[in-house]
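Breakdown of the fold
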Amino acid sequence: QVIPVIRKYAPDAVILVGTPDFCTSLSEAVADPLDYPNVMYTYHYYAGISDCKYAIEEISNGLEQGLPVLISEWGLDGHEIEDHHMEETRDFLDFLHRKQIGWVNWSLSNKDEGYSLIRPDSGRLHGWEEYELTDTGRFVLQYLSKEVNL
């Protein structure tokens, strides 16, 4: 019902469509894709909560069936970060890079929570120094720096 309204005002806009189970299942979209142009299906991944192997299989299956996919959220909990979570996240991001799938990390904020990229004691809105980043923030910065140099 919403897509025709969006199309009325933005006929060529890319529309992000959420998927079941907090955007961790593409099965319904594979079985019954929407018949609209410029639609992408969203997927979410959180290290330590999501199963990396399952996520890669689920996204691969969606891609094989022709679904355009965007990772509209992924996160690494800096309060409970473990080496294997970092490894899985690297594997997940490397997979996305190989498949040329765009992603958005959660969360560019200084909120005192594990997923935040900025330390809670930083009051700046931009121009952060590396010491103002959380462990998660440094991980994302290092990963992006690696991607730029690939």
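Our structure is the block above this text.
Please read these numbers as outputs of a predicted model, since none were measured by experiment.

Our next topic: the overall build of the protein. A tally of helices and strands in the protein yields 6 helices and 4 strands. Mapped in sequence order, the helices and strands of the protein form the string α-β-α-α-β-α-β-α-β-α. Across its three principal directions, the C-alpha atoms of the protein cover 45 × 35 × 30 Å. Evaluated residue by residue, the protein yields a buried proportion of 39% over its 150 residues. Here the analysis covers contacts within the protein between residues at least 6 apart in sequence; of these, 59% occur between residues at least 24 apart. Summed over all atoms, the accessible surface of the protein reaches about 9100 Å², with 52% contributed by carbon and sulfur. The average position of the 11 basic charges and that of the 26 acidic charges among the side chains of the protein differ by 5 Å.

Applying the stated rule across the entire model yields 4 aromatic pairs. Taking the centre distance of 6.3 Å and the plane angle of 75° together, the rings of Trp 74 and Phe 139 count as edge-to-face. Residue Trp 74 is located in strand β3 (residues 69–75), and its partner Phe 139 is located in helix α6 (residues 135–148); the two are separated by 65 residues in the primary sequence. Comparing Trp 74 with Phe 139, the two get one shared label, buried. In this structure an aromatic cluster arises from ring pairing among Trp 74, Trp 103 and Phe 139.

Note on sheets: strands pair through backbone hydrogen bonds, and any given pair is parallel or antiparallel. Reading across from one edge, β1-β2-β3-β4 is the order of the 4 strands in this open sheet, with parallel pairing throughout. Here the strands that pair on one side only, and so sit at the sheet edges, are β1 (15–17) and β4 (103–105). Recorded for the sheet is a direction-independent mean angle of 30° between the axes of neighbouring strands. Where strand β2 (residues 39–46) lies against β3, 6 bridges are found, and the strand directions are parallel. In the sheet register, His 44 faces β3, and the bridge partner there is Glu 73. Helix α5 (residues 83–99) rests against β2, β3 and β4 of the sheet, and its axis sits at about 160° to β3.

What counts and what doesn't
Residues numbered from 1 in each chain as written. Predicted model: local features only at pLDDT ≥ 70, side-chain atom pairs only at ≥ 80, totals over all residues. Heavy atoms only, no water. Helix = DSSP H or I, 4+ residues; strand = E, 2+ residues; numbered from the N terminus. Buried < 20%, exposed > 50% of the residue type's maximum accessible area, 1.4 Å probe, protein only. Contact = heavy atoms within 4.5 Å. Areas by Shrake-Rupley, 256 points an atom, 1.4 Å probe, with all protein chains shown as cover. Lys, Arg positive; Asp, Glu negative; His and termini not counted. Charge placed at Lys NZ, Arg CZ, Asp CG, Glu CD. Phe/Tyr/Trp six-rings, centres within 6.5 Å; stacked < 30°, edge-to-face > 60°. Pairing = 2+ DSSP bridges. Axes fitted to C-alpha atoms, helices over the stretch in contact; angles between N-to-C directions.

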